[in-house]
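Given next are the chains, with one letter for each unit.
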Amino acid sequence: MATTQLTASSISAKGFASFEGLRSTSILKVASFAPLKQNSRSFHGLVVKAATVVAPKYTSLKPLGDRVLVKIKTAEEKTTGGILLPTSAQSKPQGGEVVAVGEGRTIGKATVEVSIKNGTQVLYSRYAGTEVEFDGSKHLLLKEDDIIGILETDDIKDLQPLYDRVLIKVAEAEEKTSGGLFLSEAAKEKPSIGTVVAVGPGPLDAEGKRKALPVSTGNTVLYSKYAGNDFKGADGSDYITLRASDVIAVLP
């Protein structure tokens, strides 16, 4: 791109508006002026992630390896009270229906098939996979391990976690200080304690066998504060799904 250069014989600082706190001690003369060049290492562009649109002649897609193709559930356009939501206020879906699966992956000398079948309703990690659009619908192509669990209802408490995932019902935040003062919503600390509601079957070891998780249903646990995916239950309770490795301790 060509650089435009403005040249003047003399530009006086007296022609500019004065600023409070600054005093002019001399007249500034500029021989030439050129716009600064953008340094690519100093300025970061805004990256917008959009769905990859597949040509209309392709009406199906075959995942490879341990990848799974999920047809994304349509975002809610109304609140529970029937109020229409603008597009900006519609929550991004984290669920959908499995429509195709890969042939599986190799662990050691064994080939492990994808455990999820077509037609299964699943939840997946918020920022996982590659979004593709074909046959008039949005889909997500992601690894099997990015799927959190199976959810056949609309209530997160019914989630069946997969692999090394754990579903936890979050303990309610304290509403008072130790001195008895009520806390505002903003002042309530996000709890990192909860009760295990469901656990996955465990991860695969080097021989392709399942390893049991160190926590069980009913355990009260302490977990990493910023781990996992948050969900709201039908009864208004808070739930979180995370990997068993993000559970720090079991509380007696």
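Above this note sits the structure.
Residues numbered from 1 in each chain as written. Predicted model: local features only at pLDDT ≥ 70, side-chain atom pairs only at ≥ 80, totals over all residues. Heavy atoms only, no water.

K.L.:
Outline the overall build of the protein, supporting the account with residue identities and numerical values.
P.N.:
In terms of helices and strands, the protein carries zero helices and 18 strands. The buried share among the 252 residues of the protein stands at 29%. Considering only contacts in the protein between residues 6 or more positions apart, those separated by 24 or more positions represent 62%. Element-wise, carbon and sulfur atoms account for 54% of the exposed surface of the protein, whose accessible area totals about 17500 Å². (Helix = DSSP H or I, 4+ residues; strand = E, 2+ residues; numbered from the N terminus. Buried < 20%, exposed > 50% of the residue type's maximum accessible area, 1.4 Å probe, protein only. Contact = heavy atoms within 4.5 Å. Areas by Shrake-Rupley, 256 points an atom, 1.4 Å probe, with all protein chains shown as cover.)

K.L.:
Can you tell me about the pairing of strand 9 (residues 130-134), naming the residues and giving the values?
P.N.:
When strand 9 meets strand 10 (residues 137-143), the two strands line up antiparallel, connected through five bridges. Bridge pairing in strand 10 links threonine 130 to leucine 141. Once strand 9 ends, the chain turns through two residues before running back antiparallel as strand 10, passing aspartate 135 with a positive phi of about 55°. (Pairing = 2+ DSSP bridges.)

K.L.:
Go over the pattern of salt bridges with me, naming the residues and quoting the values.
P.N.:
For the structure on display, the rule yields six salt bridges. Here lysine 232 and aspartate 238 are joined by a salt bridge, their closest N and O atoms 2.7 Å apart. Judged by its relative accessible area of 55%, lysine 232 is exposed. On the basis of relative accessible area, aspartate 238 is assigned to the partly exposed category, the value being 37%. Salt bridges linked by common partners bring Asp145, Asp164 and Arg243 together as one network. (Salt bridge = Lys/Arg side-chain N within 4 Å of Asp/Glu carboxyl O.)

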